[in-house]
Amino acid sequence: MTKFKLAFFKFGNHLIDYLFYFFIFISLYFALMSPNLTLGDTLTPQTLGEGTTWVTIVFLLLMVGIASAFFVFKKFRLSMLWLFKDKGSIVAPIILSLVILIQVILVLHTHPSIGFDPGAIHEGLLPDHSNELKAYFSMYTNNLALLLLQHQIAVFANSTSWLLFDIVNVIFLDVAVLLNILTIALIDRQKVIATIYMHAIWILVFPMILVPYSDVVVMPLVSGLILTYVIAQKSNFKLVWRLFATLGNGFFLTAIYFIKPSAIVPIIAIVAVEFLYLFRNSVGIDVQWQKLKSIMIALLLCVGVVTSYAYVNHQIESQQVIEIAPHRTVPAIHFINMGVSGNGGYNAKDALAMGRQPSQKAMVDYSKKHLIARLKKRGFFWLY
């Protein structure tokens with residue numbers, strides 16, 4: 001039985017690794033296939049090459065030039081390795097600081113008003129609310145938590161300008177980066193420099209700093225979730241710190257649920273990994289003590305989730321920032337249905353159809369009907 005448990009643990013561990021590599025690969029592939037990286041107009045400008053700019057051209061030429069020089073010229077390669085690897089402990093933080101400075105300069109000079117959901121939330125910060133805005137928040141109550149957060153920031157700063165929330169956006173993003181770096185430092189200090197470089201490149205070309213919406217706000221929450229999980233699982237930390245980290249993990253989990261429910265995906269990975277480790281940790285000495293600590297951690301996680309959920313949910317239900325009709329809330333199945341239409345993004349037809357339905361039951365029935373039809377149309381494995 002012991003051999004079976006260890007074999008199952010190794011198999012599951014390898015399976016998770018391969019799944020991670022697969023999803024990272026397809027994410028990278030489709031990122032490289034982005035229309036933003038396509039040069040020149042084509043026969044289908046709606047999807048390819050329509051928005052080619054000199055920035056795109058210069059960026060791609062620079063990347064190709066540096067990569068070519070690295071492999072072709074030995075002296076250049078050695079110089080780059082000396083600068084970015086041997087002196088990485090100095091160079092990496094400097095580069096990250098310069099990138100953050102570039103972010104601030106960009107935001108100070110470019111802070112446009114945004115439409116769609118970010119625009120609706122920003123409009124909700126203003127004193128007069130139209131019936132259309134009330135209807136929007138009645139249907140999309142998932143954005144109420146972000147509205148309340150931005151409302152508190154606006155009250156504290158005594159401003160509702162787009163510049164303010166773009167600056168706050170940069171802060172959220174950079175806090176997420178710092179938490180990620182700290183997490184890697186706890187796992188493997190040898191990987192910190194590479195982590196800093198990766199994050200510096202990422203945030204340098206990250207356009208969402210100009211869009212103060214849940215996509216960025218949730219990032220430090222996800223980073224905090226992973227960091228507290230790592231602390232809770234590190235045996236070299238005192239038990240009291242691990243328990244506090246578990247409590248914080250529950251708070252982060254609740255905050256993610258209310259700000260951006262789809263970002264709760266990391267907890268699925270955590271549960272899968274913990275399930276596997278049940279097989280490994282059931283083999284060897286001190287099994288009873290390990291089980292007791294696991295129970296304590298699980299109980300504290302539940303306490304963190306339940307208490308924080310009750311508090312945030314109460315704040316949302318009793319909010320006075322905007323008047324809404326709760327019975328008009330769009331059901332979760334609507335987003336699933338919309339996700340399997342077209343290219344998986346926003347579908348105006350489905351969104352408008354939700355507004356025409358007389359009740360939540362009608363919304364559910366409409367979404368379920370179209371979801372089943374779309375899945376049948378996709379055929380085997382529901383693929384394109």
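Relevant structure appears above.
The shown structure was predicted, so the numbers you read here are calculated from the model rather than taken from an experiment.

K.L.:
Where do I start with the packing of aromatic side chains in this structure?
P.N.:
Describing an aromatic ring pair means giving the distance of the ring centres and the angle of the ring planes. In this structure the tally under the stated criterion is twelve aromatic pairs. Aromatic pair Tyr136 and Phe137: ring centres 5.0 Å apart, planes at 85°, arrangement edge-to-face. Phe137 carries the same exposure label as Tyr136, and that label is buried. Taken together, a centroid distance of 6.1 Å and an interplanar angle of 50° make the contact between Tyr257 and Tyr309 tilted. Highlighted residues: Tyr257 in helix 12 (residues 239-259) and Tyr309 in helix 14 (residues 287-317), separated in sequence by 52 residues. Looking at Tyr257, the relative accessible area reads 40%, which means it is partly exposed. The rings of Tyr136, Phe137, Tyr140 and Phe335 are connected pair by pair, giving a single aromatic cluster.

K.L.:
Can you help me understand the environment of Gly339 in this one?
P.N.:
Topologically, Gly339 is positioned in helix 15 (residues 332-339). Through-space distance from the C-alpha of Gly339 to that of Leu371 is 9.2 Å; in sequence the pair is 32 residues apart.

K.L.:
Explanation requested: the pattern of salt bridges in the structure shown.
P.N.:
Working definition: two side chains of opposite charge can pair if their charged atoms are close together. Scanning all chains against the criterion turns up five salt bridges. The partner of Lys134 in a salt bridge is Glu323, with the nearest N and O atoms 3.6 Å apart. One end of the pair, Lys134, is in helix 6 (residues 131-139); the other, Glu323, is in the loop between helix 14 and helix 15, with 189 residues separating them in the sequence. For Lys134, a relative accessible area of 24% corresponds to the partly exposed category. Note on Glu323: relative accessible area 57%, which makes it exposed.

K.L.:
Hey, could you run me through a nonpolar patch on the surface in this one?
P.N.:
Taken together, the side chains of Phe59, Leu62, Met63, Ile66, Ile102, Leu204 and Val205 define a hydrophobic patch exposed on the protein surface, amounting to about 600 Å² of accessible area. The biggest single contributor to the nonpolar patch is helix 2 (residues 54-72), with four residues. Along the chain, Leu204 turns up in helix 9 (residues 192-204). Accessibility expressed as a relative area gives 47% for Leu204, which makes it partly exposed.

K.L.:
Is there a simple way to explain the packing of helix 4 (residues 88-109) against helix 9 in this structure?
P.N.:
Angle between the axes and distance between the axes: these two values describe a pair of packed helices. Between helix 4 and helix 9, the least distance of the axes is 9 Å, while the angle of their chain directions is 20°. Overall, the two elements helix 4 and helix 9 adopt an arrangement that is roughly parallel. Both helix 4 and helix 9 take part in a crossing whose hand is left-handed. Side by side, helix 4 and helix 9 meet where Gly88, Ser89, Val91, Ala92, Pro93, Ile95, Leu96, Val99, Ile100, Ile102 and Gln103 of the first sit next to Ile193, Ile196, Tyr197, Ala200, Ile203 and Leu204 of the second. Residue composition of the contact of helix 4 with helix 9, by class: 14 nonpolar, three polar and no charged.

K.L.:
Quick question: what am I supposed to make of unusual backbone geometry here?
P.N.:
Peptide bonds are, in most cases, trans, and in most cases residues other than glycine have a negative phi. Located in the positive-phi region is Phe116, a residue other than glycine, with phi close to 55°. Inspection of the secondary structure assignment puts Phe116 in helix 5 (residues 116-124). The exposed category is assigned to Phe116, whose relative accessible area is 76%. Phi angles above zero are rare outside glycine, and Asn158 is one such case at about 55°. In this structure, Asn158 sits in the loop between helix 7 (144-157) and helix 8 (162-187). For Asn158, a relative accessible area of 71% puts it in the exposed group.

Criteria and cut-off values
- Residues numbered from 1 in each chain as written.
- Predicted model: local features only at pLDDT ≥ 70, side-chain atom pairs only at ≥ 80, totals over all residues.
- Heavy atoms only, no water.
- Phe/Tyr/Trp six-rings, centres within 6.5 Å; stacked < 30°, edge-to-face > 60°.
- Buried < 20%, exposed > 50% of the residue type's maximum accessible area, 1.4 Å probe, protein only.
- Helix = DSSP H or I, 4+ residues; strand = E, 2+ residues; numbered from the N terminus.
- Salt bridge = Lys/Arg side-chain N within 4 Å of Asp/Glu carboxyl O.
- Patch = residues over 30% accessible without salt bridge, like charges linked within 9 Å, V, L, I, M, F, W, Y side chains within 5 Å.
- Areas by Shrake-Rupley, 256 points an atom, 1.4 Å probe, with all protein chains shown as cover.
- Axes fitted to C-alpha atoms, helices over the stretch in contact; angles between N-to-C directions.
- Parallel < 35°, antiparallel > 145°, perpendicular 65-115°, else oblique.
- Left-handed = near helix turned anticlockwise from the far one by under 90°.
- Contact = heavy atoms within 4.5 Å.
- Nonpolar A, V, L, I, M, F, W, Y, C, P; charged D, E, K, R; others polar.

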